[in-house]
Amino acid sequence: MQVEWRLALARHFGDELKVLLRQLGGEVVHAEELTRFVSRRQRKAVFKLELADGRLLKARRFKTAQEVLLAAALAPLLDARYYSRVLAGSGTTTLEEWKPGSVLTAEAVAPVQARKAGELLGRLHTTTGLPGPETAPVLSVAAHVELMQAHLAALVGQGVLASSAAARILELAHRTRPSRFEAGLIHGDFCIDNMVLDSAGELVLIDNESLCVGPLDFDIARAWCRWPMTDAARAAFTAGYTQFRDLEAFSAQHQFWALRALLMSVYVHLKHERPCQPAVAALQRLGSGAEEGFWASLPLAPR
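Thresholds applied
Residues numbered from 1 in each chain as written. Predicted model: local features only at pLDDT ≥ 70, side-chain atom pairs only at ≥ 80, totals over all residues. Heavy atoms only, no water. Helix = DSSP H or I, 4+ residues; strand = E, 2+ residues; numbered from the N terminus. Rg over C-alpha atoms; globule rule 2.2 N^0.38 Å. Buried < 20%, exposed > 50% of the residue type's maximum accessible area, 1.4 Å probe, protein only. Contact = heavy atoms within 4.5 Å. Areas by Shrake-Rupley, 256 points an atom, 1.4 Å probe, with all protein chains shown as cover. Lys, Arg positive; Asp, Glu negative; His and termini not counted. Charge placed at Lys NZ, Arg CZ, Asp CG, Glu CD. Pairing = 2+ DSSP bridges. Axes fitted to C-alpha atoms, helices over the stretch in contact; angles between N-to-C directions. Arc of directions from axis to C-beta. 1 Å grid on protein atoms, 1.4 Å probe; cavity = no way out; pocket = protein on both sides within 12 Å on 5 of 7 lines; lining within 4 Å. Points joined across faces, edges and corners; volume = space filled by probe spheres on them. Nonpolar A, V, L, I, M, F, W, Y, C, P; charged D, E, K, R; others polar. Core = buried A, V, L, I, M, F, W, Y, C linked by side-chain atoms within 4.5 Å. Phe/Tyr/Trp six-rings, centres within 6.5 Å; stacked < 30°, edge-to-face > 60°. Lys NZ or Arg CZ within 6 Å of the ring centre and 35° of its normal.

Asks: I'd love a proper account of the overall build of the protein chain, names of residues and values included.
Replies: What the protein chain contains, in helices and strands, is nine helices and 10 strands. Over its C-alpha trace the protein chain gives a radius of gyration of 20 Å, about what one expects of a compact globule, namely 19 Å for 303 residues. Across its three principal axes, the protein chain shows a C-alpha extent of roughly 60 × 45 × 40 Å. Among the 303 residues that make up the protein chain, the fraction classed as buried is 49%. Restricting to contacts in the protein chain with at least 6 residues of sequence separation, those with at least 24 account for 72%. Entry remark: accessible area of the protein chain is about 14200 Å², with carbon and sulfur atoms responsible for 54%. Looking at the protein chain, you have 34 positive and 32 negative side-chain charges, and the mean spots of the two groups are 3 Å apart.

Structure (structure tokens):
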């Protein structure tokens, strides 16, 4: 078994992991793969590492070296109590803190925990001292629309959507697109799947590879799509979030950003050969022109 995980580490990380381990002064004695999406097109990888001195770390392979530079630049902005942070990076590989805790499910989240989650996201969205556009570029609204159009074309090509349905969805995107948006530090995948409950009863975010500077209201829409909540939990989440930022802009722009988030999720799941049928059905429903009541169904989005 030791030979297997050593070969897996070598295959995914090459010499980059050895460089980082030398920087941190550690030797791996055991490794466990945690990669969630495994497909022919997967370039990313995640491993839990146990070092000879007892430390636990997470090794992550990103798609690009630029993503690693961004992760390293954003790490000092994160509160170590609530986030697993990047400790070192080389090429497309990072070593991160390992945060122990109990896994939660959406059904098991109490309103008090949902409120804490809202506070975490609100605090993240009001982070100051962000890196400049040379390190953390921000896409324009037009670029987001182009990505939506590309995702729609891919879904038509795979037979998931009819071309007429894709045209309706694209028309809705153009009709609801905002003229501007508020940018800041966003998580990109803020949901209960990426959190644990630590021994002190605090929520800790353990999967932060999508952190970047982008539209704050996209981040909220992505969370709404990704994390089905009860009415009580959502009310508590909102109460926590609005301690730091109001939701006036989100209320005005939620359809566009929710559509962006839903299209991205469906596209990524299909690309990795793990389609989420409820989400696909939701898109097909929207493409048929059945817009009434659609937005309330967004908790059906991929998990």
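Asks: Quick one: what's the story with the environment of Leu 185, residue by residue and with numbers?
Replies: Looking at the element boundaries, Leu 185 is found in strand β7 (residues 183-186). The exposure class of Leu 185 is buried, given its relative accessible area of 0%. Considered as a pair, Leu 185 and Pro 100 are 85 residues apart in the sequence and their alpha carbons are 25 Å apart. When residues no more than four places from it in sequence are discounted, the contact partners of Leu 185 are Leu 74, Leu 78, Leu 124, His 125, Thr 127, Leu 130, Leu 211, Cys 212 and Leu 216.

Asks: Residues and numbers for the sheet that holds strand β2 (residues 45-51), please.
Replies: The antiparallel open sheet is built from five strands, whose spatial order is β1-β2-β3-β5-β4. Lying at the two open borders of the sheet, with one neighbouring strand each, are β1 (28-33) and β4 (86-90). Each neighbouring strand pair of the sheet contributes to a mean axis angle of 25°, computed without reference to strand direction. By the bridge criterion, four bridges tie β4 to strand β5 (residues 93-97) in an arrangement that is antiparallel.

Asks: Which residues make up helix α2 (residues 65-74), and what are the values?
Replies: Residues that lie three or four places apart on an α-helix share one face, since the helix turns once every 3.6 residues. Among all positions in α2, only Val 68, Leu 70, Ala 71 and Leu 74 are buried. Viewed end-on, α2 has its buried residues packed into an arc of 160°, placing them on one side of the element. Against β4, β5, β7 and β10 (212-215) lie the buried residues of α2.

Asks: I'd like to hear about the layout of surface pockets, residue by residue, with values.
Replies: Estimated volume of the second largest pocket: approximately 200 Å³. Lining the second largest pocket, in full, are Trp 5, Arg 6, Leu 9, Ala 10, Gly 14, Leu 17, Lys 18, Leu 21, Gly 26, Glu 27 and Val 28. The dominant element in the lining of the second largest pocket, judged by the number of residues it contributes, is helix α1 (residues 2-24), at eight residues. Residue classes in the lining of the second largest pocket are distributed as six nonpolar, two polar and three charged.

Asks: Break down the nonpolar core for me, citing the residues and quoting the values.
Replies: Counting residues in hydrophobic clusters, the biggest one holds 68 residues, and the most contacted among them are Phe 190, Trp 227, Phe 237, Leu 259 and Leu 283. The element that contributes the greatest number of residues to this core is helix α8 (residues 248-271), accounting for 11 residues. Grouped together as the second largest cluster of nonpolar side chains are 17 residues, Ala 8, Val 28, Leu 51 and Ala 59 included.

Asks: Explain the packing of aromatic side chains to me, and be specific about the residues and the numbers.
Replies: To describe a pair of aromatic rings, you give the distance between the ring centres and the angle between the ring planes. Evaluation of the coordinates by the stated rule reveals eight aromatic pairs. Considering the side-chain rings of Phe 218 and Trp 257, the 6.2 Å spacing of their centres and the 70° angle between planes classify their relative orientation as edge-to-face. Here the residue Phe 218 occupies a position in helix α6 (residues 216-226), and Trp 257 occupies one in helix α8, the gap between them amounting to 39 residues. For Phe 218, a relative accessible area of 7% gives the class buried. Note on Trp 257: relative accessible area 0%, which makes it buried. Directly above the ring of Trp 224 sits Arg 234, whose terminal nitrogen or CZ lies 4.3 Å from the centroid.

Asks: Go over the sheet that holds strand β6 (residues 102-103) with me, naming the residues and quoting the values.
Replies: As a general point, the strands of a sheet are linked pairwise by backbone hydrogen bonds and lie either parallel or antiparallel. If you walk across this open sheet you meet the three strands as β6-β8-β9, and the pairing is antiparallel. In this open sheet, the two edge strands, each paired with only one partner strand, are β6 and β9 (203-205). Bridge analysis of strand β8 (residues 195-197) against β9 gives three bridges, and the strand direction is antiparallel. Paired with Leu 197 across the bridge in β9 is Leu 203. Running at roughly 40° to β9, helix α3 (residues 111-125) makes contact with β8 and β9 of the sheet.

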